[in-house]
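What the coordinates show
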Amino acid sequence: MSQGSKITIIVLAVVGIMSTPLVWLLNGPDGGQMIGASMQAGVGIVALLWALFQHPGNRTEDTAEHTGEAQAGDGGTAVTGVKRPKGRGIGSAKASRTGKATATGEGSNASSGIDYS
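Residues numbered from 1 in each chain as written. Predicted model: local features only at pLDDT ≥ 70, side-chain atom pairs only at ≥ 80, totals over all residues. Heavy atoms only, no water.

**Structural notes on the overall build of the protein chain**
Counting secondary structure elements, the protein chain contains two helices and six strands. Listed by position from the N terminus, the elements making up the protein chain come as α-α-β-β-β-β-β-β. Here the contacts in the protein chain between residues at least 6 apart in sequence split such that 66% fall between residues at least 24 apart. Only carbon and sulfur atoms are counted for the fraction: they give 59% of the accessible area of the protein chain, which is about 7800 Å². (Helix = DSSP H or I, 4+ residues; strand = E, 2+ residues; numbered from the N terminus. Contact = heavy atoms within 4.5 Å. Areas by Shrake-Rupley, 256 points an atom, 1.4 Å probe, with all protein chains shown as cover.)

Now the structure itself:
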């Protein structure tokens, strides 16, 4: 979610929490208005909390196409495609027609495609 969208939802939630319930409650509400004011305030609070806990809009869209051959020597890592350490990143990752990935030696890794390790 972008920062602008998040701010808009927060402002609208605050307005929703305060506007109509405040007007109804100041004019001596009846039972139906009290229930409506409570429900509107509750929905506004839920929208406010939802917007506050959304991740920022840093979605990544990784693409690797027609990759070549990668080789790693002693203790190296070879990746032909997309590498997202520990699965970091939100969004799609695509690797197509990847080449060979060769790793030799102790502790070496090889991947031909998407590596989340």
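**Overview of the environment of Gly75**
Along the chain, the position of Gly75 falls in the loop between β2 (70-72) and β3 (77-83). Placed 34 residues apart in sequence, Gly75 and Asn109 show a C-alpha to C-alpha distance of 8.1 Å. If sequence neighbours within four positions are ignored, Gly75 has contacts with Thr104, Gly105, Glu106, Gly107 and Ser108.

**Notes on the environment of Val23**
The residue Val23 is located in helix α1 (residues 3-26) in this model. A residue is classified by how much of its surface remains accessible, and Val23, at 48% relative accessible area, is partly exposed. When the C-alpha positions of Val23 and Ala37 are compared, they lie 9.2 Å apart, and in sequence the two are 14 residues distant. (Buried < 20%, exposed > 50% of the residue type's maximum accessible area, 1.4 Å probe, protein only.)

**Digging into a nonpolar patch on the surface**
On the surface, a cluster of nonpolar side chains totalling about 420 Å² of accessible area is made up of Ile45, Leu49, Leu52 and Phe53. Examined against the element boundaries, Ile45 turns out to sit in helix α2 (residues 31-52). (Patch = residues over 30% accessible without salt bridge, like charges linked within 9 Å, V, L, I, M, F, W, Y side chains within 5 Å. Salt bridge = Lys/Arg side-chain N within 4 Å of Asp/Glu carboxyl O.)

**Comments concerning the confidence of the model for the protein chain**
Residues with a pLDDT of 70 or more make up 85% of the protein chain, whose mean pLDDT is 75. Here strand β6 (residues 109-115) stands out as the least confident element of the protein chain, with mean pLDDT 73; α2 is the most confident, with 81. (pLDDT = per-residue confidence, 0-100.)

**Points about the environment of Val46**
By secondary structure assignment, the location of Val46 is in helix α2. Along the chain, Val46 and Ala13 lie 33 residues apart, while their C-alpha atoms are 8.3 Å from each other.

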